[in-house]
Each structure stands twice: as C-alpha cells, then as structure tokens.
Amino acid sequence: MTAFRLPSGGRIDRGRTLRFRFDGRSYTGYPGDTLASALLANGVHLMGRSFKYHRPRGPVSAGAEEPNALVAVGAGARHTPNLRATQVELYDGLSATSQNRWPSLAFDAGAAGGLLAPLLGAGFYYKTFMAPGGAWHRLYEPAIRRAAGLGTVPGGPDPDTYTQRYAHCDVLVVGAGPAGLAAALAASANGARVFLVDEQAECGGGLLAEPEALIEGKAAAAWLAEALAALAARPGVTILPRTTAFGCFAQNFVGLAERLTDHLAAPLPGLARERLWKLRAGRVVLATGAIERPLVFAANDRPGIMLAGAARGYLARWAVKPGTRAVLAVADDSGYAAARDLARAGVAIAAIAELRPHVACETFGLPVRPATAVVGSIGRLRVAAADLRPIGGDSVGGGGVERVPCDLLLMAGGWTPSLHLFSQARGKPVFDAARAMYLPGEHRPGEAPDGLASAGACRGVFGLAACLEDGYAAGEARGGPATGRRFAVSGDLPPAGGFEGLVPGSPARKAFVDFQNDVQAADITQAVREGFRSIEHVKRYTTTGMATDQGKTSNINALAIAAGALGRPMPAVGLTTFRMPYTPVTFGSFAGHARGELFEPVRRTPMHAWAQARGAVFEDVGQWQRAHHFPAPGEAAADAVARECRAVRQRAGLFDASTLGKIEVVGPDAAAFLDRLYTNSWARLAPGRCRYGLMLNEAGFVMDDGVVGRLAADRFHVTTTSSGAAAVLHHMEDYLQTEFSDLRCWLTSVTEQWAVIAVQGPRARAIVAPLVEGVDLAAFAHMSVAECRVAGFPARLFRVSFTGELGFEINVPAGHGQAVWEAVWAQGKAHGLEPYGTEAMHVLRAEKGYIVVGQDTDGTVTPDDLGLSWAIGKAKPDFVGRRSLTRPDMLAEGRMQLVGLLTDAASAPLEEGAQITAAPPRTGMAAIGHVTSAYRSATLGRPIALALLADGRARIGQTVHIPMPGGSLAATVAGPVFHDPEGARLDG
Amino acid sequence: MADLTPADPGPRHILRGPAGGAALGGLIVPDQPCRAAEAGPRAALWLGPDEWLLLGFAAVETPFAVVDVGHRSLGFRLAGPRAAELLAGGVPLDLSPAAFPVGTCTRTIFEKAEIVLWRRAEAAWHIEVARSFAPYLCDMIAAIAAANGIGGQER
Amino acid sequence: MLLIRCPVCAMDRPELEFRHAGQAHVARPADPGAVDDAAWAAYLYLRDNPKGVVAERWRHVHGCGRFFNALRHTVSDRILATYPAGASRPEVAP
C-alpha cells in the first residue's frame, strides 16, 4: 500500500500490482490507475516543468484539460512526448519521463530562466533580444528554443500500425457522462444506430466521482453499470471508450481518435495502435461536459495546487488522497462536495476561503471563511502554505494576510462549458451575462449544422438530475413526442456560482492564467496597455489559449482579465475560436495505412516484370513506374541512353508505351464530336487511318495531343498523353454532357485495356512482320491503324512514330502484353533490337522537335507558338479554343515561340527551366524566354535544346545567352527540328 | 472472417447509350440508379444513366455503343461476416444493408483507388478495380485486415 | 468532408467522389465567331464571387460520372440544392 492510497474504495483492481518507472525511479500502482493517480498515490506531485519559466508543476486536473503534467512515455522510435499524465493509463512496465528539465526534475538548471522572467513576458520575442542585427536567428532563438518547449521528437520512423475506418450512424453522442448516457439510452430506444464515445478509459464521466449520489434509488456507480449494460445489449449501439472526438466538421462529419493499445503492457503484434474513425452522423449530441476553472492568484501553479473536482476524482476513482491538510479556495458550490469527500477520507480541512460573501449551500460543518481570497502560496517543489486575505464588498479589504500551512490547495472557480466541438462545427457561442459563461447559441440556419445539439453541462445545465433529463430529451428522436422523462436524484451538489479573472487582492505577477503556455495575468494587462483590443490579438500576443491546450482551463479567466483592463463587458471583447484537434492526435492516425508502399498507388505496366528482370532503372511518372533506361552491367546512365538512341536510329528499339491514355469514342456522331474537341478535321479521315490531334482548352491554349485512329465510321481510338489521360476524359465528358449534348457518341477509357508495345527504327517492319496476321505491312502506310492479330493475340496495330523512324505501336489486351512483348523481343534479336526507356524516348523525340505537352508547353502556349498551325482545320467553323485564337493578345508580336537552341558541341546540356537573355546576362536584365527540353544527342554528337523564346522564329540564326551555375553559355537559335527535317526516315 | 479471392476473369464490356430497360442476353438492363441485374453467368451493373458494366457476355448484340474492356480491370470477391467492416477501412459509403442492400452497385473509391463495388449477398461483395491499381487495393485490404484482426477463413 | 446529394444517383454521397467544375449557368455562346473580343474574354474569365448562394458545377466523377449543378452558400458551406445540368436554377431560402 502506497502512502496516499486509501485502504479501500476506488475503481482500481487491487488484486494485481503494477510496477512502473518515472524518471528512473520505481513505483507501484494498480490496474485502473492513470500515471497521475499512481504517482499521487506515491506522494509524487511534481511531474513537470513549465514551458517558459521552468517552474515546478504538478497535475492541476484529472483529465484531458491537464496543462502541467506533460510527460513522455516509451523509448526510441516509440517515445511519445507531451502526453498528459492524467490520461496515461498505467500498465506493468510503463516507463515515463518528465520534460523540459535538465539535469533533473527536482533540480532544473533552466529554472534560473525564471530569473530572466521579466525579459520573457508577453510578446518578448517582438521586443527583446533584437540587437545586434542577425543575433536573433544565430543566437537568441536557438538558445530560447532549447530552454523553452515541450518534449522531444521520437528517434526514428514510427514502428506502430495505425488504421482508419469510415462509419455511419443515426446519432453520435460525444461524452458518456450522465447527459451522454441518457442521450444514448433515448436515441437507441427504437433500434437506431448510435455511437457513444468517451475519451476516458471508462465511461461515466462525472458519475465516476459521485460517491454519495443516488439515481432512481441506486448508487450512481450501480446506475452507470446498468445503463452501460442496457446500451451494450442493443444491437445498434457502438460504445467506444478511449476515443476522443477531436474534430467536428461540415454536416456532422466527426473525427474520432480511438486508442487501442497504449494501455496494454504487451499489445498483440500487428494490431493497430490507434484507429481514426471518419464518422458521418445523422445527428450529433454533444455531451462534452464542463471544465473546472482555476482561480488566478499569485503562485497558483505550485505542485499540490489543483482543481477541487480533480481532487474529488482522485479520491473516488483511484482512492488516492492528494494531500493530508487542505485549504480550499472556493467560488462555486461544487467546492463543498470536494471538501466533504476529502474530510470523510481523512484529509484535514485547514480552511475554506470562500470568495463570496455568503454561501447558500450546505457546508457540512467545515471551517468556512466567507469573503476571503487566497492571494498567494509558498513552497518550493510542493505547496507549503496558502495566503488568505479577507475581502470587503467589491474592493480589497483592509485585513492582513494570514498564512495557513497546507500540502494541498484546491481551487473551485466555477465551471466552463466545453464548447470546443460546438465551435468547430461553426456553432456561435452566446454569452450568459448572469452566469458569466459562454453557451451554445441557437442553431440558426447557416450558423450551425442541422442535427447538432448540446446537452448537459456543456450547455450550462448542471446537476445530475438536470443533466440526465437534458441528455434524454436531446437523444430522443426528432419529430417524435418528447417523453419528458424525469430522473429522481439525491445526494449530489450541483455547481453554482463561480468567479473569473484575477482574484481580488492578488498581485498579477506570477498569477497564472494559462499554465501550459506560462501566461500570467500581468501579461494580459500588459498586452492591453500596449494597445491590443481584440481578444484574438491578445491571444496571439500573449500566447494564452494557444497550442495543444486550446484554452481549456484558461480562456474565460483570460477574457475576464482582458475585459477588466479594457473596461468593457466580456462579450464585447469576444471569444477566441476553438481549433481542432480537441486534444493532440498522432500523425500516425492521420496517415493511417498511407505509408511506405501504400502511400500512393504504384501503377505498373503489364511488361514491368520483364523490364525489372532486365535491370531497368525506373522513374516515377505520376503514379506510374516507367523504365527510364536499361543499363548494361556497369554502364553509366548517360551511356545507356546514348546506346539506346543509337539502336533506334540504326536498327530498332522496343519501348513500353502502355501508360498512354486511351479513349474509345463510339457513336454515329463520333467524328463530329472530335471535330469540336480537336483543332484538326476528322470527317474525311478514312477508317484505317490515323491523324495527330491537337486539343486546346477554351482559352486557346494547348492542353493535350496524341494520335487518333479511326477504326470504323463510328469508332475512334484516341490516345492522350500519359499524364493527361484523366483530365482529357473529364474535359471530353464535360463538353459531351453539357455544351454538345446533342451529339450521339460515347466515351470509354481503355487506357488499361491495352498494353502498348512500340517498335521503332529502320528494322521495325522486318521485326514485326512475321508476327502480324491480317494486315499487309508492305501496304500499311505511315499513320495507319488496323485490327489484326499479333503473335496470335487480337491487336490494334498502329503505324506511328514518336522518334522520326519507321515505327509501329502494337496494342494488345493488357493480359497478353508480356507475351507479345516477349514474342517481339525474340523476333528482334536477330535484328539488333534493344529495349529503350523514357529518357531515350525523350531524346529521340526532341531531336525531331516533337513536343511534350506540359514540358514544352505551360498552359499559355498556342498552336502557332509551337509551329503547329498546320494542325488547325481552317475550314471548321468552330472547335473548343478556336474563338480565342483570334483574340488580340493571341496575335500580338512578342509571343513565346518554340525554337531549337544549339550550344557548343562540347558543352554540357543546358538546364531545363533555365532563363534566356538577349545579351550576356547581368543584374536587372529581363529574360526573353526559357529552356523547356535539353539533352545530349548521341545521334548529332552535340547537346540540343528546345526553348520558348519571345519572337523566337524571327531570331533564328541569332545568338542568345543562358545563365548557368558555372557562368553563362551562348547558343544559336535554330528551328526545333534537329534531325531529318524532311522526314525521309519515317519509311525505314 | 473475410476472404479476398480473384473472381472469374470472364468477358467484360462497357455498354453506353440510352439502353436502360432494354432486354439484353436474357436480362433487362437496369434503369434504376446503382442497381445490378443478374441472369445466370451474366450481369449488367448500372454505373451511370447511360453506362453499364456487362459481365460474362461473350458477345453483345445491341444498337448501343459497346467497348471491350475485358482486360481493363480485375475482379475480386470479398466474402465473410466482417467483409463490410473491412471495406469500411477504405470505402466512404454507408455499407449497412439498409443503405446498401443486396444488388446495389456503384463506382466509388477505396482509399486512393477507384473501384466498382457490387453487393451480391449480405456478406459477399464483388470489386472491380483497374488493372494497375489491383496490387494497391489488395495490399491495402491485407493491411487493413491485419491491423484490425480480420483474418481469412484459414486463420 | 461535405455530403453531396447526387441528383442522378439520388443518394447523398461523400465529397471524395466528386470534382468541382466551376461556376454554373455560364453557357458557351452558340456561335463563338459572332461574339466580340470583350464578350468572349468575359465568357472565358469573368466569374462571380459573391458572399452568399452560388450556383456551381460538380461532377460525380467517382460515381455515375455525370455533371450537375449545386447551390452552395459560401458562408455556411452548405449545399442547399442539387439539380441536373441544363435545368434552371431552383429557388431556395438561403
């Protein structure tokens, strides 16, 4: 039995003892403990050092709102920083460390930083540490970042697995306290699908810490057990403990983070550590409760100072006495429930400093001092005494300070309804002036989503009976009659009262408002003094309510202090926006399975395995993996590419073009449709023939290109660029469904239906011919297409060239791609056939001046800019983009035109993207164009480049300059076709 | 508890045009959104108001536009009491029997892959996925199954 | 993630299945050649940007594939109505 554990009671399993370590020391606890409750049971209150000033801190709460007791759990890659000790469930062997201290928690060298405190006030980074120039980045910022801050990041890739799941339900209830349980009971009564989620390990919320209350004649704990059993028995109900509703998005889409294994000493290997639920609910009932407010007085942050409700929780749930002699600072009736429970557990109540002049509720014969404030505390690593001072009326009274020894100082400052999710869902909080609290406003149309209701303490309804009844009414189906279900409750002490702002008579210095961000009351008044008026600005200047804490314990006190300093009412100062997540969510949960190989789909062509076996080096092209080059053993990439290019020019090359986009256009109006979508004319293209098609967007700029083959009068096989496949189909469907819906034709993507095997080079016909059945290749002219058989498989054979050489593209059903490829390969060996990759393909096409859309074009390029005016069907009255081609700026001089650039034969290739200048570059000179493609051409024995150059065609023969990392290079402007400009090689 | 197995690689065609309600190979092309019609080995899956995926038709005799897509996608059968739970790992639709009854089919997504999902029985699903996305889909399903303790029948 | 009612599928479907496609009811002139430069530039580039209800095009690209129109409130982000392409804009209470 540890020193502060009560001999009986609590919701812990005393049958088993758990061993754990904190900062290297061994302790024991029980199943059901949190790290915080177990440490408190061992008399340990000091659990962390504060963010800025390194002040010793202990837990102030028992739940998710904990700002102080942030610890790290685990080691190496499983090291998880910034966990709230109040939420870390104990397991055997748990090892936790405190944070932001060196060398140890009890002796922290950084606490000397407290001596610098006057320099670290609100907005210090805007004002101090400024001179000398540059010192901030070099000196001050790194030093301050080392000294301040939270935990350290883990040391390697996360070894755990995370999973995600979509879910749908009729009603989601967030929070399994009395209101949430009642809502779930009501909502599920008729078989509806109900999710009940709670961030704690155990459902019950406030019911877990109500030792005296009776609900319908049963102890609260017994009623809770029955309610949970009733819910679990309903098939439509899903109960998720350890699950935080961290974000509430449009139309009741809610993010839930479920922690599956963190509480287990030895999780089953392979199972997910966390599950992210992406839940869509018909209705959401927020039963998120309220968070108790600390009182703001000087030195209100020592270990041993905590919220009254938290102390009650430690007693009731974990049978832990958080101290032996307590002083309570009370402004709310609920403080007396804590005092009563502590006294009954044997804690001496030294004094109850009641801020209010009168107390209306029962005080259980305890030593109450009305109209008295706690204005300070003393102690080093634990509170040792509280300073009490009587107050008279509204002003600070004349009474002296009395120092009352204690090791526990409790604050009952009132309760703040938890509006985080309501606010995230775009609900508008409204201020209840009488009770000084923000409450969820009416759900007016346009202000909050339909089907979002709040119930219980999160909308200012306090007391067990009221919460149960409010929750039940919120859970009942819409449209049905309200049952007005009542709950008989006795023995609870509902909150009433509360205080916000700086306690009268207390100094503002070291009176902490936001414990996590180390913001004092003095910082807020200083911000106001310096001219900040909006609470949003005060928040950013002082950092109050920011970061992971999101103002859970601090925002109302900060608001009241700012309002007081401004002399304005609280609602006039505004309320800061609550951001998701409610509490931090791991990156792993958001990533889910999208890591490593599963981060993105990796698409491979039907012939991938062949290329892989052949040692190809692959490149990512969008989601596709394509063979970049096929190096021989020991061969450098550039040498391989040069060899592949020579093979194509001299003999033949084999290329996997399967990623080309393919669309089958079918219907009596197919040609008419293509007439409107492409610049070219299609009506007179005979079946069996192909044509290069150029597609513009409506603004007249080139968006795609590709070869289109006519298979029959009413059937076209359209090819697109690999990267443009989806966009082109979308563009075509758009016009077909909307502007040209009179046309009878239909589109089907066949990109993945066909494997495409390109055979290019002077020997291509000799290689392909023996494999082809049903086409006379001797009479098969350039730009022809035929349905036939290749290597015994049905095929669509194209005679096309993207290299300038005699070429064929064999389309076969994807499942036969590898077999046909191997047949061509076998056939080609005698002809010196070599496989080539995308890099050689690029070099070969650039030698011919063939553009790649998206590389040589950038969305501002017209057909004429590219020298492709010949592809425009002049007789066509209209096609998409045509009207734009005659806009004045499309015809103006100075447009960027595609040209070739020739540098010295021995120079390195230009850099793609490099700027071009008219004279040797110097500062202030404007660029007149840029390089779009640049390669070393093995065929020509020199580097070549394509460029977009202002008035480029008029500059042919002139010299331009290209700034490069090693100095500028001169280049001669040339036409874009470097090789075989007559096209003599197309026939082999 | 949920098994993923390749479906028969039978013929597949896309039928496009105003074919809803037409008789075709012993079945009626479904006119109702997101419904599949089955007759013996043949099925017609509504994908859009003028688009159907035909499964198991050796040849299609129709005046409408037909395109052979026999190699475009691969089919998988996912069956077992936890199949819907497994699918919810990647499919954003409500797959409860009330919202997605037997006979429902639709194009949708599974994480980053587009799929056609068809519920053939309470606990038996047919998934069509583009050929190059099939490894991603299968690996993702396996990863979700492992992380959630959803084993195959053997395990 | 929005939930969008596809008027073709007649189902509420997740936003992930859809693709936004710009302002609705911007009709392509029947004879672009007859439109002067200023009007054509306006057709290409000028779009409304109101605070309030907008009519916009969406496509159920990972579903039935159809383009349709939606009325969306730019402040609440709520979709107030969806209707087939070609249909006239319905009256809704904002």
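Count 3.6 residues to each turn of an α-helix, and residues three or four apart come out pointing the same way. The element helix α7 (residues 334–344) of chain A is extensively covered by neighbouring structure, given that nine of its 11 residues are classed as buried. For α7(A), every residue scored as buried is listed here: Ser334(A), Gly335(A), Tyr336(A), Ala337(A), Ala338(A), Ala339(A), Arg340(A), Asp341(A) and Leu342(A).

All names here are of chain A. Taken together, the three strands give an open sheet; going across it, the order is β11-β10-β29, and neighbouring strands pair in antiparallel fashion. Sheet topology places β11 (218–219) and β29 (489–490) at the edges, where each strand pairs with a single neighbour. Relative to β11, strand β10 (residues 214–215) is paired through two bridges, and the arrangement is antiparallel. Following the sheet pairing, Ile215 is matched in β11 by Lys218.

The next thing to look at is the interface of chain C and chain B. Counting from both sides, the interface comprises 13 residues of chain C and, opposite them, 15 residues of chain B. Here chain C and chain B share an interface that buries about 1,000 Å² over both sides, 61% of which is from carbon and sulfur atoms. A per-residue breakdown of the area chain C buries against chain B is headed by Arg13(C), His62(C) and Arg66(C), which together make up 34% of the total. Where Asp50(B) meets Arg66(C), a salt bridge forms, and the shortest distance between an N and an O atom there is 3.4 Å.

All right, on to the confidence of the model for chain A then. For chain A, the mean per-residue pLDDT works out to 93, and 94% of the residues sit at or above 70. Here residues 444–448 of chain A is modelled with pLDDT under 50, and outside its nearest four sequence neighbours on either side it reaches 12 contacts, counting other chains as well.

This next bit is on the sheet that holds strand β39 (residues 746–749) of chain A. Paired through backbone hydrogen bonds, the strands of a sheet run either parallel or antiparallel to each other. Residues and elements named next belong to chain A. Spatially, five strands are ordered β36-β37-β38-β35-β39 in an open sheet, and the strand pairing comes out antiparallel. Unpaired on one side and paired on the other, β36 (690–696) and β39 mark the two borders of the sheet. Within the sheet, the average angular offset between the axes of one strand and its neighbour, ignoring direction, is 30 degrees. Bridge count between strand β35 (residues 661–666) and β39: four bridges; the pairing is antiparallel.

Formed by 82 residues in total, the largest nonpolar core has its most connected members in Leu35(A), Leu94(A), Tyr314(A), Val327(A), Leu328(A) and Val374(A). Not counting chain neighbours up to four residues away, the residues in contact with Leu94(A) comprise Arg19(A), Phe20(A), Arg21(A), Leu35(A), Val73(A), Val88(A) and Glu89(A). Core analysis: the second largest hydrophobic core is formed by 46 residues, Val707(A), Val843(A), Val853(A) and Tyr43(C) among them.

Okay, unusual backbone geometry next. The peptide bond linking Met580(A) to Pro581(A) adopts the cis configuration, its omega dihedral lying at 0 degrees. Within the secondary structure, Pro581(A) is located in the loop between α13 (570–573) and α14 (587–591). Although it is not a glycine, Ala10(C) adopts a positive phi angle of roughly 55 degrees. With respect to the secondary-structure elements, Ala10(C) resides in the loop between β1 (3–6) and β2 (11–14).

Across the boundary between the two partners, chain A contributes 38 residues, which contact 37 residues of chain B. Around 3,100 Å² of area is buried between chain A and chain B when both sides are counted, 56% of it from carbon and sulfur atoms. Looking only at chain A, the three residues that lose the most surface to chain B are Tyr166(A), Leu598(A) and Trp746(A), adding up to 21% of its buried area. Between the two partners, chain A and chain B, sit four salt bridges. Taken together, chain A and chain B are joined by 22 residue pairs in polar contact (both at pLDDT 80 or more). Looking at the side of chain A that touches chain B, the elements that each hand over two or more residues are β8 (162–174), β15 (274–286), β35 and β39 of chain A. The greatest single-element share of the side of chain A that touches chain B, amounting to five residues, is contributed by β8(A). Looking at the side of chain A that touches chain B residue by residue, the classes come out as 15 nonpolar, 12 polar and 11 charged.

Residues and elements named next belong to chain A. Here helix α12 (residues 555–566) is 12 residues long and its end C-alpha atoms lie 16 Å apart, about the 16 Å a rise of 1.5 Å per residue gives. Packing partners of the buried residues in α12 comprise β25 (415–417), β27 (437–440), β30 (512–514), α10 (521–529), α11 (535–542) and α13. Positive backbone phi, at 65 degrees, marks Gly567, one or two positions downstream of α12.

What follows is about the side chain of Ser61(A). Here Ser61(A) lies in the loop between β4 (56–57) and β5 (70–73). One polar contact links the side chain of Ser61(A) to the main-chain amide nitrogen of Gly63(A), over a distance of 3.3 Å.

Here we take up the packing of helix α4 (residues 178–187) of chain A against helix α5 (residues 220–232) of chain A. Residue and element names in this part refer to chain A. Where α4 contacts α5, the two axes come as close as 10 Å, and the packing angle between them is 35 degrees. The element α4 and its partner α5 pack so that their crossing is left-handed. Side by side, α4 and α5 meet where Leu181, Ala184 and Leu185 of the first sit next to Trp223, Leu224, Ala227, Leu228, Ala230 and Leu231 of the second. Taken together, the residues of the contact of α4 with α5 sort by class into nine nonpolar, no polar and no charged.

Residues and elements named next belong to chain A. Under the defined criterion, the tally for this structure stands at 20 aromatic pairs over all chains. Three or more aromatic residues joined by ring pairs make a cluster, and in this case those are Trp610, Phe630, Trp821 and Trp825. Lying over the aromatic face of Tyr472, Arg485 brings its terminal NZ or CZ to 5.2 Å of the ring centre. Taking the ring centre of Phe740 as reference, the NZ or CZ of Arg676 above it sits at 4.8 Å.

All names here are of chain B. You can read the domains of chain B as domain 1 (3–7 + 73–147) and domain 2 (12–68). Facing the 15 residues of domain 1 at the interface are 12 residues of domain 2. When domain 1 packs against domain 2, close to 1,100 Å² is buried across both sides, 52% of that on carbon and sulfur atoms. Counting the surface domain 1 buries against domain 2, the share from its top three residues, Cys105, Arg107 and Trp118, is 47%. At the boundary of domain 1 with domain 2, the tally comes to three salt bridges. Among the salt bridges present, the one from Arg12 reaches Glu128, with a minimum N-O distance of 2.8 Å. At the level of elements, β9 (73–79), β10 (105–110), β11 (113–121) and β12 (124–130) are the ones that each hand at least two residues to the side of domain 1 that touches domain 2. Partitioning the side of domain 1 that touches domain 2 into residue classes produces six nonpolar, six polar and three charged.

About the criteria used
- Residues numbered from 1 in each chain as written.
- Chains lettered and ligands numbered in written order.
- Predicted model: local features only at pLDDT ≥ 70, side-chain atom pairs only at ≥ 80, totals over all residues.
- Heavy atoms only, no water.
- Buried < 20%, exposed > 50% of the residue type's maximum accessible area, 1.4 Å probe, protein only.
- Helix = DSSP H or I, 4+ residues; strand = E, 2+ residues; numbered from the N terminus.
- Pairing = 2+ DSSP bridges.
- Contact = heavy atoms within 4.5 Å.
- Buried area = accessible area lost by both parts, 1.4 Å probe.
- Salt bridge = Lys/Arg side-chain N within 4 Å of Asp/Glu carboxyl O.
- pLDDT = per-residue confidence, 0-100.
- Axes fitted to C-alpha atoms, helices over the stretch in contact; angles between N-to-C directions.
- Core = buried A, V, L, I, M, F, W, Y, C linked by side-chain atoms within 4.5 Å.
- Polar contact = N/O pair within 3.5 Å; in protein donor to acceptor, adjacent residues only side chain to side chain.
- Nonpolar A, V, L, I, M, F, W, Y, C, P; charged D, E, K, R; others polar.
- Expected span 1.5 Å × (residues − 1).
- Left-handed = near helix turned anticlockwise from the far one by under 90°.
- Phe/Tyr/Trp six-rings, centres within 6.5 Å; stacked < 30°, edge-to-face > 60°.
- Lys NZ or Arg CZ within 6 Å of the ring centre and 35° of its normal.
- Domains from an automatic or database assignment.

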